[in-house]
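Structure assessment
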Amino acid sequence: MATFFDPMDMSMLVPLDAEMVEEALSGPNRSASELLMLYFACLTNTTDEPAIVDAPDRIALAISDMADDGDEDAMMAMVAISTLSSDHAPEQDVIVGVSMLNAVTSRPLLRGVITGDLDTDTAAGALSVINMLSTHLLGDVLDIDDIDDLDLDDIDFEELAAQLGVSDFDEGIDGDLNGR
């Protein structure tokens, strides 16, 4: 697949440190999206700094508190965390967990583009990171290389539409009438 964006300039990334974690956890306007990305940043960080090593548990607790207060994004973030941190989650659960991760982390970026608060270059960089993480997590349960072998003629779009609650699904993916 062709690459649509220039490679990310890794030198532009700010290194994760304890001060950044504390600021995010104590900030009054923190969102489930920010905390979820911070959670995964701390998990994948290679430092031995105790504040970073212990941070994922503290971040999960902060997200859990937000979920207890009724924050829907935090509820989805908790499902993503619990599913993706399990060593024995079924394939279906991992797929749902990754989808919740995508929804929680992508939605604020996409809203920012719509409202004009975020330019597409900045959003593209962040969305690329989210997509790389998602692809990595899905790679644990799906053979991503088999996607190239996917034949759209093998998909019953009428059945899929029925499962999704879409009625009168008359057109195929290519816009032609679906003869099935």
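Residues numbered from 1 in each chain as written. Predicted model: local features only at pLDDT ≥ 70, side-chain atom pairs only at ≥ 80, totals over all residues. Heavy atoms only, no water.

Turning our attention to the pattern of salt bridges. Per the counting criterion, the structure on display carries two salt bridges. One salt bridge connects Arg 58 with Glu 22, and the closest N-O pair in it is separated by 2.2 Å. Of the two residues, Arg 58 sits in helix α4 (residues 55-68) while Glu 22 sits in helix α1 (residues 18-26), which places them 36 residues apart along the sequence. Residue class for Arg 58 comes out partly exposed when judged on its relative accessible area of 32%. Its salt-bridge partner being Arg 107, residue Asp 73 comes within 2.8 Å of it at the nearest N-O pair. Within this pair, whereas Asp 73 is found in helix α5 (residues 72-84), its partner Arg 107 is found in helix α6 (residues 91-115), the two being separated by 34 residues in sequence. When its relative accessible area of 25% is taken as the criterion, Arg 107 is described as partly exposed. (Salt bridge = Lys/Arg side-chain N within 4 Å of Asp/Glu carboxyl O. Helix = DSSP H or I, 4+ residues; strand = E, 2+ residues; numbered from the N terminus. Buried < 20%, exposed > 50% of the residue type's maximum accessible area, 1.4 Å probe, protein only.)

Time to look at a negative patch on the surface. Residues Asp 17, Glu 19, Glu 23 and Glu 49 make up a contiguous surface patch of negative charge. Examined against the element boundaries, Glu 49 turns out to sit in the loop between α2 (32-44) and α3 (50-53). Judged by relative accessible area, Glu 49 falls into the partly exposed class, the value being 30%. (Patch = residues over 30% accessible without salt bridge, like charges linked within 9 Å, V, L, I, M, F, W, Y side chains within 5 Å. Areas by Shrake-Rupley, 256 points an atom, 1.4 Å probe, with all protein chains shown as cover. Lys, Arg positive; Asp, Glu negative; His and termini not counted. Charge placed at Lys NZ, Arg CZ, Asp CG, Glu CD.)

This part is about the confidence of the model for the protein. Chain-level statistics for the protein give a pLDDT mean of 80 and a share of 73% at 70 or above. At the level of individual helices and strands, the protein shows its lowest average pLDDT in helix α8 (residues 157-164), which scores 69, and its highest in α5, which scores 95. Across residues 1-8, where pLDDT falls below 50, the model places five contacts with residues more than four positions away in sequence or in other chains. (pLDDT = per-residue confidence, 0-100. Contact = heavy atoms within 4.5 Å.)

Turning our attention to the nonpolar core. Grouped together as the largest cluster of nonpolar side chains are 32 residues, with contacts concentrated most on Val 21, Phe 40, Cys 42 and Ile 59. Of all the elements in the fold, those that place two or more residues in this core are α1, α2, α4, α5, α6 and α7 (120-139). Ile 59 has contacts with Leu 25, Leu 35, Leu 38, Tyr 39 and Cys 42, leaving out every residue within four places of it along the chain. (Core = buried A, V, L, I, M, F, W, Y, C linked by side-chain atoms within 4.5 Å.)

With the rule as written, the count across this model stands at one aromatic pair. A ring pair is formed by Tyr 39 and Phe 40, whose centres lie 5.2 Å apart and whose planes are at 90°; its orientation type is edge-to-face. Accessibility expressed as a relative area gives 8% for Tyr 39, which makes it buried. (Phe/Tyr/Trp six-rings, centres within 6.5 Å; stacked < 30°, edge-to-face > 60°.)

Here we come to the packing of α2 against α5. In the contact formed by α2 and α5, the axes pass within 9 Å of each other and the chain directions differ by 15°. Viewed along their axes, α2 and α5 adopt a mutual orientation that is roughly parallel. Our pair here, α2 against α5, has a crossing hand that is right-handed. Counting all contacts with α2, which are made through Ala 32, Leu 36, Tyr 39 and Phe 40, the residues of α5 involved are Asp 73, Ala 74, Ala 77, Ile 81 and Leu 84. When grouped by side-chain class, the residues that make up the contact of α2 with α5 number eight nonpolar, no polar and one charged. (Axes fitted to C-alpha atoms, helices over the stretch in contact; angles between N-to-C directions. Parallel < 35°, antiparallel > 145°, perpendicular 65-115°, else oblique. Left-handed = near helix turned anticlockwise from the far one by under 90°. Nonpolar A, V, L, I, M, F, W, Y, C, P; charged D, E, K, R; others polar.)

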